[in-house]
Structure formats: C-alpha cells, structure tokens
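Observations on the three-dimensional arrangement
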Amino acid sequence: LGDVYKRQDNGCGKSTLARVATGLIVPDEGSVAPKLFAAYCPQDTSIAPAELSDLATDWGSEALQIRDALGIEDAWLWDYERLSGGQKKRVQVACALWQRPDVLVLDEPTNDLDVNTIMWLENYLSNYENTVLVVSHDRHFLDSVSTHIIDIDYSDINLFSGNYSFWYESSQLAARQLANQNKKAEEKKKE
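Residues numbered from 1 in each chain as written. Predicted model: local features only at pLDDT ≥ 70, side-chain atom pairs only at ≥ 80, totals over all residues. Heavy atoms only, no water.

Structurally, the position occupied by D151 is in strand β4 (residues 148-153). Judged by its relative accessible area of 8%, D151 falls in the buried class. There is a polar contact of 3.2 Å between the side chain of D151 and the side chain of W167. (Helix = DSSP H or I, 4+ residues; strand = E, 2+ residues; numbered from the N terminus. Buried < 20%, exposed > 50% of the residue type's maximum accessible area, 1.4 Å probe, protein only. Polar contact = N/O pair within 3.5 Å; in protein donor to acceptor, adjacent residues only side chain to side chain.)

Let us now look at the packing of helix α4 (residues 61-70) against helix α5 (residues 85-98). Two elements in contact, α4 and α5, have axes whose closest approach is 10 Å; the angle formed by their N-to-C orientations is 160 degrees. The orientation of α4 relative to α5 falls into the category roughly antiparallel. By crossing handedness, the relation of α4 to α5 is classed as right-handed. Here A63, I66 and L70 of α4 lie close against α5, whose contacting residues are R90, V93, A94, L97 and W98. Tallied by class, residues from the contact of α4 with α5 come to seven nonpolar, no polar and one charged. (Axes fitted to C-alpha atoms, helices over the stretch in contact; angles between N-to-C directions. Parallel < 35°, antiparallel > 145°, perpendicular 65-115°, else oblique. Left-handed = near helix turned anticlockwise from the far one by under 90°. Contact = heavy atoms within 4.5 Å. Nonpolar A, V, L, I, M, F, W, Y, C, P; charged D, E, K, R; others polar.)

Looking now at a nonpolar patch on the surface. A cluster of nonpolar side chains, namely L17, I150, I152, I157 and L159, defines an oily patch on the protein surface of about 510 Å² accessible area. When you line up the elements, I157 lands in strand β5 (residues 156-161). I157 gets classed as exposed once you look at its relative accessible area, which sits at 59%. (Patch = residues over 30% accessible without salt bridge, like charges linked within 9 Å, V, L, I, M, F, W, Y side chains within 5 Å. Areas by Shrake-Rupley, 256 points an atom, 1.4 Å probe, with all protein chains shown as cover. Salt bridge = Lys/Arg side-chain N within 4 Å of Asp/Glu carboxyl O.)

Its 14 residues give α5 an end-to-end C-alpha distance of 20 Å, which sits within 8% of 20 Å, the value for a rise of 1.5 Å per residue. Counting buried positions along α5 gives twelve out of 14 residues, so the element sits mostly inside the fold. Along α5, the positions that sit buried rather than exposed are G86, K88, K89, R90, V91, Q92, V93, A94, C95, A96, L97 and W98. The inward-facing, buried residues of α5 contact β1 (38-41), α3 (52-57), α4, β2 (103-107) and α6 (115-126). Positioned one or two residues after α5, R100 has a phi angle of 50 degrees, which is positive. (Expected span 1.5 Å × (residues − 1).)

Another aspect to go through is the packing of aromatic side chains. Scanning all chains against the criterion turns up four aromatic pairs. Seen from their ring centres, Y164 and W167 are 5.3 Å apart, and the 50 degrees between their planes marks the pair as tilted. Of the two residues, Y164 and W167 are both situated in helix α8 (residues 164-190); the distance of three residues between them amounts to about one turn of the helix. Neither Y164 nor W167 differs from the other in exposure class; each is buried. Through a chain of ring-to-ring contacts, the aromatic side chains of W120, Y124 and Y128 assemble into a single cluster. (Phe/Tyr/Trp six-rings, centres within 6.5 Å; stacked < 30°, edge-to-face > 60°.)

Going through the model one piece at a time under the given rule, you end up with five salt bridges. The residue E62 makes a salt bridge to R100 at a minimum N-O spacing of 3.4 Å. You can see E62 sitting in helix α4 and its partner R100 sitting in the loop between α5 and β2, a full 38 residues away along the chain. Looking at E62, the relative accessible area reads 32%, which means it is partly exposed. Among the ionic pairs, K189 bridges to E186, the shortest N-O distance being 4.0 Å. A residue pair is termed a helical-turn pair when its members lie 3 or 4 positions apart in one helix, as K189 and E186 do in helix α8 at three residues. Given the relative accessible area of 42%, E186 is considered partly exposed.

In structure tokens:
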C-alpha cells in the first residue's frame, strides 16, 4: 500500500497534469495534441465554473436530466458563493457534463458528494461515450468508472487495460517479480 500512496501523494502533479490536458496550463516543454474540446471540473470548489451563466440560461433536455439527477436548484446558479461545498461540487460537475466535451476531465469529482450522487455519477460515466480523465483517491469510484489506468512513475508511463484493482494487482505482481529477479541476480553475484 505504501508504494501506491507514494504515487498518489498530494502535490505530485495530478491536478497540474489534468489542467495541462485541458489547455488551462501550457506545459514547459512539448505540447498537448490533438486539440480536442475539453471540459474541466476542478478539485477546488471555490472556483465558480465559467459556464455557469450558460448553464443557467440554456437547460436543454440532457442538461435538465443532469440538473435533476444532481439535485441542483435553479436558485443555486445565481449565488454560487453562498453554496455549501457539496452544492458547489454538484454545480461544477453539472457544468462539465452539460458541455458534452470530447475529453471530460474530473479532478477529485467525488469530494463533497453524497453516496447517491456518487452512484449516479458512476453510472453516468460508465455510459459516457467520449474520453473521461479522472484524478481521484476514491478507489471504489475508480474501479467503477475506469477502463484504463495510466501509471506515471517519474519518466515511466505504462498503460493498463482494466480498472484500478486490476492495475494495483498487476503492479504489485510486477514489483514482486522484479524483486525476485534482483534477489536472484544478487545471489548469483555472491556465488
């Protein structure tokens, strides 16, 4: 477990990577390609979504379904600063989903949400047709919505097909195999 937590430590760049993927931050080197329409739901609920006014004035049928499922009241949209953390997160999620982007980037989307809302979001994302990039410490949520895991460990990037649990078991197996290989190499050296 310690190895997993080291890779997920706060401050290691997960949110920065999410913002680079959406074009909110320009990388120091390289570029993000291809240019796709991305929507971003930030971890920080103090950030009011830029799309808030559009959402408040343009409730299409799908937006209405999202609004109702997330329990958003129209009055909430006019006074974002007075909302609780959970209400703000619901509005942020609604604004991101409502845009139907090519790439939906969710940074800690389950923070401040109740169990029923998380279950609805899991179901919604399981049926989402476009790409979803999720940054989360919520293992159950990741297991429910993930089809691929990208393991970034310094300069090594590995793609795993499957959910979080599959990635974890695979990475632990690989670590044990490497440790055994190293142990055998050391024993051979000693001989």
